[in-house]
Amino acid sequence: TAVYGPDAEGSPAGEVATYVHQAPYDDLQRVTAFAERVDAVTYEFENVPAATAAAITEAGVILAPPAAALASSQERLREKDLFRALGIKTVDYWPIADAGDLQAALSEAGPSILKTCRFGYDGKGQAPLQGSEDAERVLAELGGGPWILEAKAQFSRELSQVAARGRDGAIAFFDIAENEHRGGILRRSVMPAEVSASVQNQAQSATRAVLERLDYVGVLTVEFFDCDGVLLANEMAPRVHNSGHVTLEACVISQFEQHIRAVAGWPLGETDTLTPSEMVNLIGHDADRWESLIAQPHTSLTLYGKKETERGRKMGHWVRPLLR
């Protein structure tokens, strides 16, 4: 395996890779040189520049998921437009280019959430609004335009559908996970979630539509708001996802193996949940408790090997069988 990125040498992946190439994502000459040394390339987060993905494709190397999936997922407005184009329900939303757009949208939206279109995750790049705020001040404080204003969803819980599509077009779904967030950060996931056949069909249908429209290869996760049995798509992640980490212990194969199977062109594996389980993220200095955690019965602990502990940063997680 080979790893490329601006922090590749100090990354957890860099510690176990055969070949490590540390360079900026926008150094396309070095990106191309890296691509020429490998057979296939995948990425672990969606803030890789589109030009970088294009350079890999132009070098004649397999890029999975494809560049179109990266472009759609890294820009919130484009992502919502894709959902709507596929007939997938979402909250109401408004594109925001300036204070005038925001003022007009707030008068219609009322309580809502303003988000930067790019580079927001784990609660970053977001501002909850009531509808009476000063638009210019809000945009100045949030920064990072353009933006999207999203109506608040009246939901009972958040769900995610982890799935994979192979190079041959085969699709495999993991069981739906139910997620709990605190401060915009995923805290706990349970797999499988207790859902009706209708909810399961909605989640799988929406996810399948995205996979097929993008000619997707690899693992994809779509997050949903469950509004009394009606699902609204919130966002998607073109990669293995935090809510799917529980698959390492819970399922026949994990989302990680499934992703590599798809990228490598192998048959997809079985996704059955063998052990219903819960996963809890270790955020910031939560990971300092690792010795007490592994002393607890039936607990599997994973630490990510990140060098710096920061408030709000995911440092690892633990998984336990779920007793119902």
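One structure accompanies this document, and this report is about it. (Residues numbered from 1 in each chain as written. Predicted model: local features only at pLDDT ≥ 70, side-chain atom pairs only at ≥ 80, totals over all residues. Heavy atoms only, no water.)

Taken together, the side chains of Trp290, Ile294 and Leu303 define a hydrophobic patch exposed on the protein surface, amounting to about 280 Å² of accessible area. Residue position: Trp290 is located in helix H10 (residues 290–294). (Patch = residues over 30% accessible without salt bridge, like charges linked within 9 Å, V, L, I, M, F, W, Y side chains within 5 Å. Areas by Shrake-Rupley, 256 points an atom, 1.4 Å probe, with all protein chains shown as cover. Salt bridge = Lys/Arg side-chain N within 4 Å of Asp/Glu carboxyl O. Helix = DSSP H or I, 4+ residues; strand = E, 2+ residues; numbered from the N terminus.)

Glancing now at the environment of Ile62. Mapped onto the elements, Ile62 comes out in strand E4 (residues 62–63). What makes Ile62 partly exposed here is its relative accessible area of 32%. For Ile62 and Val263, which are 201 residues apart along the polypeptide, the C-alpha to C-alpha distance reads 8.2 Å. (Buried < 20%, exposed > 50% of the residue type's maximum accessible area, 1.4 Å probe, protein only.)

A few words now on the packing of aromatic side chains. Summed over all chains, the structure comprises five aromatic pairs. With 5.3 Å between their ring centres and 55 degrees between their planes, Tyr4 and Phe34 make a pair best called tilted. Highlighted residues: Tyr4 in strand E1 (residues 2–5) and Phe34 in helix H1 (residues 28–35), separated in sequence by 30 residues. Exposure class is identical for Tyr4 and Phe34. Each is buried. Plain terms: the ring middles of Tyr19 and Phe34 are 6.2 Å apart, the flat faces sit at 20 degrees to each other, and that makes the pair stacked. Of the two residues, Tyr19 is situated in strand E2 (residues 19–22) and Phe34 in helix H1; the sequence distance between them amounts to 15 residues. Classification of Phe34 as buried rests on a relative accessible area of 7%. One aromatic cluster is present, formed by Tyr4, Tyr19, Tyr25, Phe34 and Phe45 through successive ring pairs. The ring centre of Tyr19 lies 3.7 Å from the NZ or CZ of Arg37, which sits over that ring. (Phe/Tyr/Trp six-rings, centres within 6.5 Å; stacked < 30°, edge-to-face > 60°. Lys NZ or Arg CZ within 6 Å of the ring centre and 35° of its normal.)

The tally for this structure, following the rule as stated, stands at 14 salt bridges. Note that Glu150 is salt-bridged to Lys80, the shortest N-O span being 3.0 Å. Of this pair, Glu150 sits in strand E8 (residues 147–151) while Lys80 sits in helix H4 (residues 76–85); the two residues are 70 residues apart in sequence, bridging distant segments of the chain. Accessibility assignment for this pair places Glu150 and Lys80 in one class, buried. The salt bridge involving Asp92 is made with Arg84; its shortest N-O contact spans 3.6 Å. The exposure class of Arg84 is partly exposed, given its relative accessible area of 38%. Each of Lys80, Lys115 and Glu150 takes part in salt bridges that share partners, so that together they form one network.

Judged by nonpolar contacts, the single largest core of 38 residues is most densely connected at Val210 and Met236. With five residues, helix H7 (residues 197–213) is the single largest residue contributor to this core. Setting aside chain neighbours within four positions, we find Met236 in contact with Glu46, Ala69, Ser72, Ser73, Glu79, Leu82, Phe83, Val210, Leu214, Leu220, Thr221 and Val222. Counting residues in hydrophobic clusters, the runner-up holds 15 residues, among them Leu102, Ala109, Ala135 and Val138. (Core = buried A, V, L, I, M, F, W, Y, C linked by side-chain atoms within 4.5 Å. Contact = heavy atoms within 4.5 Å.)

We now examine the packing of helix H5 (residues 99–109) against helix H6 (residues 135–142). At a closest axis distance of 8 Å, the pairing of H5 and H6 adopts a crossing angle of 115 degrees. For H5 against H6, the interelement crossing comes out right-handed. Together, Ala99, Leu102 and Gln103 of H5 and Ala135, Glu136, Val138 and Leu139 of H6 make up the contact between the two elements. (Axes fitted to C-alpha atoms, helices over the stretch in contact; angles between N-to-C directions. Left-handed = near helix turned anticlockwise from the far one by under 90°.)

There is about 150 Å³ of room inside the second largest pocket. As for the second largest pocket, its lining consists of Leu86, Gly87, Ile88, Lys89, Gln202, Ser205, Ala206, Phe224 and Leu231. Looking at the lining of the second largest pocket, the element that brings in the most residues is H7, giving three residues. Split by residue class, the lining of the second largest pocket holds five nonpolar, three polar and one charged. (1 Å grid on protein atoms, 1.4 Å probe; cavity = no way out; pocket = protein on both sides within 12 Å on 5 of 7 lines; lining within 4 Å. Points joined across faces, edges and corners; volume = space filled by probe spheres on them. Nonpolar A, V, L, I, M, F, W, Y, C, P; charged D, E, K, R; others polar.)

Now for unusual backbone geometry. Residues apart from glycine generally show negative phi values, whereas peptide bonds are mostly found in trans. Cis geometry is found at the peptide bond from Ala64 to Pro65, where omega equals 0 degrees. The topology assignment puts Pro65 in the loop between E4 and helix H3 (67–73). The omega torsion across Met191 and Pro192 is 0 degrees, close enough to zero to call that bond cis. Within the secondary structure, Pro192 is located in the loop between strand E12 (185–191) and H7. One non-glycine residue, His298, lies in the positive phi region at around 60 degrees. Along the polypeptide, His298 turns up in the loop between H10 and strand E16 (300–303).

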